[in-house]
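# Architecture and fold: a report
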Amino acid sequence: MDEAKSGSLSLEGFTFQETWEEKRKRAEKIVDILMKTHPREKLLIGDPYRTLIHCIISQRMRDEVTYKVWERLFEKYGDIRRIANTPVEEMQEFLKENGVGLWKTKGEWIVRASQIILEKYGGKVPDDINELMKLPGIGRKCANIVLAYGFGRQAIPVDTHVNRISKRLGLAPPRVPPEKVEEYLARLIPREKWIYVNHAMVDHGKRICNPIRPKCDSCPLRELCPYARGLVTDADMKGNSKR
């Protein structure tokens, strides 16, 4: 295999020199440090349907607001059958009253997705990523979240934090789309650790590797991070670099 390629992935888009083997070894060290720095006692919600609804509500929402609304929704409506039988307008009004952004769209997604799961999948959330992505409001990120946190499968959901941090760490080229970031991470990180990547990078992105003014001086990944050494820049990620 060409040293610059690994399957359909290439090293050509990176801003610094590193072989695939060097990158894999560094990726494993990074994940181990992230898991120790940002542990969680409970990774799984353990309920695919509730995980799916949580993900729909969470889009462009703060975590603390999402969780409160999610709890209130299930306290009021109980289960998938009641939600599927709820008028879309009523669900939209519920979300609006609870401060959810995009409440019109999300209200329709929640009701329609629930109806489809009942009618097409016998009331069980599908455990296939392609089937999940056919549901209203479910893109690749949410589908992977359902697989990881609902079913306990090894999957790597790529949200804004995972996308940014993966590129700063030089685990994905700075200009590739999120679905390609997922491919690079899956190639570099041992499969048994995939489920930890999202939560660890999200926590790291909120506490240390902020979008603006990241705390590189206090970062436990500093010695492994090309961004901290100036080898990857925000300009590279925005496409404004003169390299």
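The notes below deal with the structure included here. Small disclaimer: the values here were computed from a predicted structure and weren't measured.

So, how was this worked out
Residues numbered from 1 in each chain as written. Predicted model: local features only at pLDDT ≥ 70, side-chain atom pairs only at ≥ 80, totals over all residues. Heavy atoms only, no water. Salt bridge = Lys/Arg side-chain N within 4 Å of Asp/Glu carboxyl O. Buried < 20%, exposed > 50% of the residue type's maximum accessible area, 1.4 Å probe, protein only. Helix = DSSP H or I, 4+ residues; strand = E, 2+ residues; numbered from the N terminus. Core = buried A, V, L, I, M, F, W, Y, C linked by side-chain atoms within 4.5 Å. Contact = heavy atoms within 4.5 Å. Disulfide = S-S within 2.5 Å.

## Observations regarding the pattern of salt bridges
The full count for this structure, using the stated rule, is 13 salt bridges. Between Arg 26 and Glu 18 there is a salt bridge, with its nearest N and O atoms 2.8 Å apart. Judged on exposure class, the residue Arg 26 and its partner Glu 18 are both buried. A salt bridge links Arg 140 to Glu 182; its shortest N-O distance comes to 2.7 Å. One end of the pair, Arg 140, is in helix α8 (residues 140–150); the other, Glu 182, is in helix α10 (residues 178–188), and 42 residues separate them in sequence. Overall, Arg 140 belongs to the partly exposed group, its relative accessible area being 35%. Several salt bridges converge on common partners, so that one network encompasses Glu 18, Lys 23 and Arg 26.

## Describing the nonpolar core
Residues Leu 52, Ile 53, Leu 73, Ile 110 and Leu 132 are the most contacted members of the largest nonpolar core, which totals 38 residues. When contributions to this core are tallied by element, the ones reaching two or more residues are α2 (48–58), α3 (63–77), α4 (80–84), α5 (88–97), α6 (103–121), α7 (129–132) and α8. Counting residues per element, this core draws most heavily on α8, at seven residues. In this structure, Ile 110 is in contact with Ile 53, Ile 56, Ile 57, Leu 73, Ile 83, Met 91 and Leu 95, ignoring residues within four places of it in sequence. Membership of the second largest hydrophobic core comes to 35 residues, among which are Ile 30, Leu 169, Met 201 and Cys 209.

## So, the state of the cysteines
The final tally for this structure, using the stated rule, is one disulfide. Across a sulfur-sulfur distance of 2.0 Å, Cys 55 and Cys 142 are joined as a disulfide pair. Torsion about the S-S bond of the Cys 55 and Cys 142 cystine: about -90°, corresponding to left-handed handedness. Within this pair, whereas Cys 55 is found in helix α2, its partner Cys 142 is found in helix α8, the two being separated by 87 residues in sequence.

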